Amino acid sequence: RSVNRVSRNRLARILPNGLLDPTFNAGLGPNRPIRTMVLQPDGRILIGGFFDKVHGTNRNHLARLLADGSVDLLHIDGFHTYDASRHDFETWLPKLSPRGVVLMHDIAERGRDFGVWKYWAELAGRYPSFAFRHGHGLGVLGVGAQLPDAFRPLLELEGDEAEKFRRFFHHQGRRVAFAVLMN
């Protein structure tokens, strides 16, 4: 689990001179062995293997990492207590790229031991965000310092414009659900 005496969890990049690439760090990495890896044309790395977690989050034997081992888009939909949601976010935060966006599921769910909504409220106060409130709720959080310009307007929506946008996606979701029922 180390390369040239530097700790690496199952994933490292070796430079042509045989030394460890210090710019690549997959953090906690996968929890079990990688069996295959593909370098994609955009520099991202697709890994597959016996792991079921990468960076402590469920990945079901397949994960795609950025060239430096970081992640652009993270969807958190795990155990839904306040503490579990916070743990997932804090575990992944160091691995998010400067363009990092986090989607959090169930931010409108207040039954049972769901605490995602509480943690979402804290995060939405710290980062640019947008909340889809229909269904169980989906939060969109811009955590990166270099968010794509085309993405920023979503996080800046307010008032009537934000409500129109929410209604549009709620309507689209209902159309898809109806189409599925009809087939």
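Keep in mind that what you see is a predicted model, and the values were worked out from it rather than measured.

A word on unusual backbone geometry. Of note, the phi angle at Asp-106 is positive, near 70 degrees, even though the residue is not glycine. Looking at where Asp-106 falls in the secondary structure, it is placed in the loop between β9 (96–105) and α2 (116–126). You can call Asp-106 buried: its relative accessible area is 5%. Although it is not a glycine, Arg-112 adopts a positive phi angle of roughly 45 degrees.

Turning next to the confidence of the model for the protein. Per-residue confidence for the protein gives a mean pLDDT of 85, with 95% of residues at or over 70. Model confidence for the protein, summarised as mean pLDDT per element, is weakest for strand β1 (residues 2–3) at 68 and strongest for strand β10 (residues 129–132) at 95.

The next thing to look at is the sheet that holds β10. Spatially, β8-β9-β11-β10 is the arrangement adopted by the 4 strands of the open sheet, whose pairing is mixed. If you trace the sheet from one side to the other, it starts and ends with β8 (71–76) and β10, each paired once. Ignoring which end each strand starts from, the neighbouring axes of this sheet average 15 degrees apart. Against the sheet, helix α1 (residues 82–92) engages β8, β9 and β11 (138–142), with an angle of about 170 degrees to β8.

Conventions we followed
Residues numbered from 1 in each chain as written. Predicted model: local features only at pLDDT ≥ 70, side-chain atom pairs only at ≥ 80, totals over all residues. Heavy atoms only, no water. Helix = DSSP H or I, 4+ residues; strand = E, 2+ residues; numbered from the N terminus. Buried < 20%, exposed > 50% of the residue type's maximum accessible area, 1.4 Å probe, protein only. pLDDT = per-residue confidence, 0-100. Pairing = 2+ DSSP bridges. Axes fitted to C-alpha atoms, helices over the stretch in contact; angles between N-to-C directions. Contact = heavy atoms within 4.5 Å.

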